[in-house]
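# Coordinate inspection notes
Next come the chains, spelled out residue by residue.
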Amino acid sequence: VNKCKCVPSNSRVLMLLGQLEKLNGEAVLSDAEVSRHITSKILHLIQTQEKTRKEITAKGSSGMEVILASLEVSGGRRVGVLVSKGGTAILLQLLITTSKEWPPSEELMLQLHTILAKVGPKDRKFGIKARINGALNITVSLLKQNLQNHKLLLPCLQVLRVYSANSVNAVSLGKNGVVELLFKIIGPYSKKNTSILKYVFQSTANARRAVDRTYVPTLLAVYQDWHRNDTRHRHVHIRKAILGCIRNITNIKLGRKAFLEADGMRILYSTSTECLSVRTLDPLINTSSLIMRKCFPKNRLPVPTIRSVFHYQLPHIPAEGPVAQLYRQPPDVDDVVDESDDNDDTEADTENDTENEEDEKNHKTQNDDIETDISKLRPKENLTRPLEDLKMYECFFPELSENFQGYSFDSSKSCQTPAVLPKSLAPIVVPTAHAPSPLSLAQGELTDLPLDLDSICISKDGPGGAGGAGEGSHSSGELGVLEVPDTAALLPLHDPELYIDMVKGTKSVPQYTEVAYPDYFGHVAPTFREHILERVYGVQRAKIFQDIERMIHPNDILDKVVYDLDLKRSPVIDDGESLKFNSQFESGNLRKAVQVRKFEYDLILNSDINSNHYHQWFYFEVSGMRVGSSYRFNIINCEKVNSQFNYGMQVLMYSVQEAISGHPRWVRTGTEICYYKNHFSRSSIAAGGQKGKSYYTMTFTVTFQYRDDVCYFAYHYPYTYSTLKMHLQKLEALRTPQIYLRQDVLCETLGGNSCPLLTITAMPQSSSNDQICQFKNRPYVFLTARVHPGETNASWVMKGTLEFLMSPSPMAQSLRESYVFKIVPMLNPDGVINGNHRCSLSGEDLNRQWQRPSPDLHPTIFHTKGLLQYLSSIQRVPLVYCDYHGHSRKKNVFMYGCSIKETLWQTNVNAAACDLQEDLSYRTLPKILSQLAPAFSMASCSFVVEKSKESTARVVVWREIGVQKSYTMESTLCGCDQGKYKGLQIGTRELEEMGAQFCIALLRLKRLSSPLEFRNSSHFLDVENDLIESRCKVTSSTTYVLDEDEPSFMEEVDYSAESNDEPEPDPDPQETPADEDGLSDSELALRRS
C-alpha cells in the first residue's frame, strides 16, 4: 500500500485496470474477493479525482472496455458490487460530463449506455437517480440525433427501457416525445428493440398519447407484419414486445375502444389461432388472449335483478350492513350493471406517484388483518347475558340433575322419544322432471309424468335392478308402483319412505313440492378411487377462445332461454330440442339456463335469499340429453377469484338410470374443467362498492351414457335438512341401553323449521352415588356444523361423528363414558333448505354474528351461544368446542384454533412476558388427528386470530366462553395432496371416516390428559417443537366479501400459463404492480413477465 502511494494517480488507475483485465481473462472464482477489492479502488479514484476521470474516459483509453468486460465475465456478482459501491451515481456523472463535451464521444456514450443497461436493473433506485441527475434528457437527445445509427441505438433503447420501468420516468419521457420517437424506430419487420414501448405505455398518460395519435392501428399492423414474415419464429421476443405495448395501451378505456375500432379482436384472434400448433408461441397466444378478454365488451348478466328470485320478509331490518342497504335500495334501481361498469382506467394514473414506492410496497405486504390489540386477545371476563336469562337453558341439561332412581338399567326402552314432526298439507311430488312409470322402468326408460307421493307404493327389488310392476294411473290417483333400489343393507340410515315423511315437515320459502332423486334414493359411496383430475394442456385457453368466438361470429349463437325461475308460473321452457333443467327441490340452486350453441349452455345461479351475491353452491337436474354427445356447461356468475376447479376438482353427477340399475351414487365427473374471469359485468352494488369488476366462469364438459336419463349435478355431495331429520330418526333406532341419547328442539328458525340439539353420553352402570357422580361430572364436548349451507361436506363429517358415537363398539362406549356430547348438527337449516351458499334467511353470514346475535334474526346462533354461556355460568365450560366447515380453496382436512402467542408472533407488537404465558394444549388435538386421520394435515393448521374473524364461533367461544380448545375443522371440497389419500378427490366415505377419527382423537386426548398417562411427556414435547417450527409460518390476508370462513388460500400451482414463456426480469422493482384481482393463472404469469 505504501508503494502505491508513491505512484502518480493516473498510473495507479492504469495498474488497477491492468490487474482487473488479467482477472477477467482468468475468471477464477477464488479471485472474486480480489476483483471486488480492485473494483472498489477504481471507483474511489474516479469519484474523488477529476484527473482520474479524464484519464479513464480519454480517447483511446480502454478503461471503460475493461469495466464492461469485467461485468460480462462474472454476470450479476460484479454488477452487484458496482452498485453497492456507488457505481451507478459515478456512471451517471460520467454520462453528464461526457454530454457536455462537443461533440460528445460516440464511443464513450456507447460504452456508458451499455454498462448502464447492465447496472440499471440491479439498482432499485436507478430510475430515481437517473431522473435527479438529468440523465433521461441526455439519452433522449442522443437517441434523436442517432436514429439511423443502429450500433448506438440499441444500448440507448435498453437504457430507456430501464428508465421507463419507473412510472414517474415513463410519464416524463412521454411528455418529452419518446412515444412519437419510438414509432419512428419500430418500422414493420425490422429487428430493432421494441420492448421499451411496453414500459413506456405502462403510464396512463402515455397510453392516452398513443390513442390520440392513432398508434393503435399502427401497432396492430406492425404485429400482423411480424406475424406474416417471422415464419421461422426467430423473433418471438419482438412480437411479444409489440403485444406488450398493445396490452398496456388497452389498460385504459380509450385504448380498449381504439383496439375494437381497429378490428383488434379479429386480428389477434386470427393470428393466435394460426399459432396454436406451435408450442413455443404460447407467450404470444396467452398475451393475445389476455388483451382480447380485457377488450371484450362487458355484457349484462341476463337477469332482471341480482337479488334472489325468492323473497322472505324479515321481522325487522338491521340498522346497517348489506341487508339494510338491500332494503333501502329504490325498487327502480338497476342493480345488474352500473352506469359505467367499465372503469376508465385499470391502473391508477402514475403521474402523481411518489418517490417512496418501495416503502409503500413493503408496507402493503404486511398482513393488516392479524389482531394486534392484546386486550381483544385476552379472555373476556363478564358474561354478555344476565344469569336470569340463561336459566332458560337449564331444561337442555337434564343430565346434570338426573338421578336415575327407579330406572331399569336392563331395559332397552328409550329414555326420550323424538318429537313428531308436523306434515305439510301440500302434495309432494317425486321425481322432479321425470317419474319412472312402472311400465317404462322395465324398458329402461323414463317418462314425463310426475307421481303424487300420497298414492305411491314403493317396491324395493334389490340392488341388481328394478323389476317390472303393475300399471298405475297417475292422473286418476290410482296406486302407482315406484321401483327403487333396496339400499338398506348398504345404507342403514336411509329409508325413502321415511325421507318423504321428513320432507313433508320441511318448510321452504318457494314452498317446494318436489323431491330430487338422489335425496330419495340415497347415495352409496363408490368403491373405486376418484383421482384428482389432471388438467389438460391449453384447456382454459381453448374455452376462452370459444367465448371470444361469440363476439366474432354472433350469428352462430342461439341465445335461447330454456329455464328461468324469474318466470314463476312456468320456469321450464320445453321445445323438445334442448336440455330440460330443474332446481325446484330442497337445496336446489339454478336460476336460469340459456342455450348458446347446440351442445353448450350458460347457467346462472341464484343469490342467497335477502342477498345479491354468494354464487357458488349449485344443485340442479338435467334431462332430455343425447347419448354420446359432449355438452358444455358454463356457470357464468361465480364471484371468487380462484377455485379448486382449477386444481383438479370435478363436479358431482348422479344418474337415475345408474341408480335404478343398482348403483345409487354421486360420482365425480366432467372434463375440460376450468375457472376464469369472464366478460359479464358485476355491478358495484354486488361488489362492495368496487366498479369495473367481472364475474367468473366455471366450465365443464359431460358426455351422457344413457338414453332418456335424468341426471343431477352438484357442487359437492348434497346433504339436505330432511336428510338430517331422517338420519336422526334412524340413529334413534341404534340406541342400546348403554347409550344416553336425547333429542331436543333448540329453537325454531326464521323459516319455521326446528333446529335439533343432541345430547349423547353413556348411561351410568347403576343408580349408585358413585356412578351418578361420575355421570354428572363428565366434561362436555360441544360440536356444531353446517353454519354455511354450501359446505355440505361438514354434514357428512358430522354424520360420521354421530354414527361413531352411537355405535356399540368398545371404543365408542369408552368415549361416551369419558364425555357428554352436546351437538347442534345443522346451525343453518333455512339456508340449507332454500339452496343458499353462505347465508340464512336474514341474508347474513351466521358465522359472523356470534358476538351479538339477534334472537329474532339469528335464533340458532343466539341460542347455541346461550347454551355455551349457561355452561360457563355454572362452571362447566366445555373441554373442546369444534365447528365443522368446508374449505373451497384448500386441500386436506385441517383445523384453525386460537393462540395469543402465535398471533403476536406474526406481528411486530412487543408483548410483555405475561401476555405470552399460554397453555400449549390447544395444539394437542390437531397433533393427535395428524397421527390418526390420513386426510388431516397439521401443516395446514393455523392458530392465528384475525380481526375479520373476531365474530366467528371459534374466536368468540375461545374469548368469551373461555374454551382454550376452540376450533374450526375445515374439510376440503376437492381432495388431498398428502398422506394415504394423496392425489385423490375426497368422497363421503373419507368425510365420514374423518368424523369418526375425530371421536377417536378425543378419546386419545382424554387418555393423554389423565394422571396415569401424563408421565409420558414426549407427546407434549412434540407439541412444543411444532409450535417453535410454526413461528415462521405467515398467514395469508383475507378478502373483502367473499372471504373464506378462515384465512384465504391461493394454491401455488401454475397451470398457467401453459407456456414455456420465461418471465423477463423487472428492471426497476419500484414500479407498483397493477391490480391483479381476478386474473387467471396464465394472466398473472404474463403480467409478471
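Residues numbered from 1 in each chain as written. Predicted model: local features only at pLDDT ≥ 70, side-chain atom pairs only at ≥ 80, totals over all residues. Heavy atoms only, no water.

Looking up the chain in an unreviewed UniProt entry gives the name Cytosolic carboxypeptidase 1, with the organism given as Scleropages formosus. Per UniProt, the chain carries the Cofactor (unreviewed entry) text "Zn(2+)". (UniProt positions renumbered as here; feature names shortened; annotations may be inferred.)

With 8 of 9 residues buried, strand 10 (residues 630-638) is to be regarded as a mostly interior element. Of the strand pairs in this sheet, strand 8 (residues 600-604) and strand 10 are connected by 4 bridges, and their pairing is parallel. Bridge pairing links Asp-602 to Asn-634 in strand 10. Pairing of strand 10 with strand 14 (residues 693-703), which is carried by 7 bridges, proceeds in the antiparallel orientation. Note that in strand 14 the partner of Arg-632 across the bridge is Thr-701. (Buried < 20%, exposed > 50% of the residue type's maximum accessible area, 1.4 Å probe, protein only. Helix = DSSP H or I, 4+ residues; strand = E, 2+ residues; numbered from the N terminus. Pairing = 2+ DSSP bridges.)

This brings us to the environment of Leu-490. Along the polypeptide, Leu-490 turns up in the loop between strand 4 (480-484) and helix 26 (496-504). Placed 34 residues apart in sequence, Leu-490 and Val-524 show a C-alpha to C-alpha distance of 6.9 Å.

To continue, consider the nonpolar core. Core analysis: the largest hydrophobic core is formed by 131 residues, its most contacted members being Phe-581, Phe-633 and Phe-713. Element by element, the count of residues in this core is highest for helix 39 (residues 988-1008), at 10 residues. (Core = buried A, V, L, I, M, F, W, Y, C linked by side-chain atoms within 4.5 Å.)

Within the secondary structure layout, Asp-334 lies in the loop between helix 21 (322-328) and helix 22 (357-364). Looking at Asp-334, the relative accessible area reads 35%, which means it is partly exposed. Here the alpha-carbon distance between Asp-334 and Ser-683, two residues 349 residues apart in the chain, equals 9.2 Å. Apart from the residues within four sequence positions on either side, Asp-334 is in contact with Arg-300 and Ile-685. Polar contacts involving the side chain of Asp-334 include one to the side chain of Arg-300, which spans 2.7 Å. Within polar-contact distance, the side chain of Asp-334 engages the backbone nitrogen of Val-336 at 3.1 Å. (Contact = heavy atoms within 4.5 Å. Polar contact = N/O pair within 3.5 Å; in protein donor to acceptor, adjacent residues only side chain to side chain.)

Turning our eyes to something else, we now look at the sheet that holds strand 11 (residues 651-655). Spatial strand order, 6-9-15-11-12: 5 strands in an open sheet with antiparallel pairing. In this open sheet, the two edge strands, each paired with only one partner strand, are strand 6 (580-582) and strand 12 (666-669). Strand-to-strand twist across the sheet, computed as the mean angle between neighbouring axes with direction ignored, equals 30 degrees. When strand 6 meets strand 9 (residues 619-623), the two strands line up antiparallel, connected through 3 bridges. What sits directly across from Phe-581, in strand 9, is Val-622. (Axes fitted to C-alpha atoms, helices over the stretch in contact; angles between N-to-C directions.)

Per-residue pLDDT for the chain has a mean of 79; in total, 71% of the residues score no lower than 70. Here residues 1-10 scores under 50 on pLDDT; set against residues more than four positions off or in separate chains, the count is 7 contacts. (pLDDT = per-residue confidence, 0-100.)

All right, on to the pattern of salt bridges then. Overall, the coordinates contain 29 salt bridges when judged by the stated rule. Where Lys-129 meets Asp-123, a salt bridge forms, and the shortest distance between an N and an O atom there is 2.8 Å. The exposure class assigned to Lys-129 is partly exposed, which follows from its relative accessible area of 29%. We classify Asp-123 as buried; its relative accessible area is 5%. Across the salt bridge formed by Arg-682 and Glu-639, the nearest N and O atoms sit 3.8 Å from each other. With Arg-682 in strand 13 (residues 671-682) and Glu-639 in the loop between strand 10 and strand 11, the pair connects residues that are 43 residues apart, well separated along the chain. This pair shows no difference in class: Arg-682 is buried, exactly as Glu-639 is. (Salt bridge = Lys/Arg side-chain N within 4 Å of Asp/Glu carboxyl O.)

Read from one edge of the open sheet, 6 strands run 5-7-8-10-14-13, paired in mixed fashion. Whereas interior strands pair on both sides, the edge strands pair on one side only; in this sheet they are strand 5 (560-564) and strand 13. Averaged over neighbouring strand pairs, the angle between their axes works out to 25 degrees when direction is ignored. Across the sheet, helix 28 (residues 539-552) is in contact with strand 7 (592-597), strand 8, strand 10, strand 13 and strand 14; its angle to strand 13 comes to roughly 45 degrees.

What follows covers the pairing of strand 8. For strand 8, the tally of buried residues reaches 5 of 5 residues, placing the bulk of the element in the interior. On strand 8, burial covers both faces: Glu-600, Asp-602 and Ile-604 on one face and Tyr-601 and Leu-603 on the other are all buried. Pairing between strand 7 and strand 8: 5 bridges, direction antiparallel. Paired with Lys-592 across the strands is Ile-604, a residue of strand 8. Between strand 7 and strand 8, which follow one another and run antiparallel, lie 2 residues.

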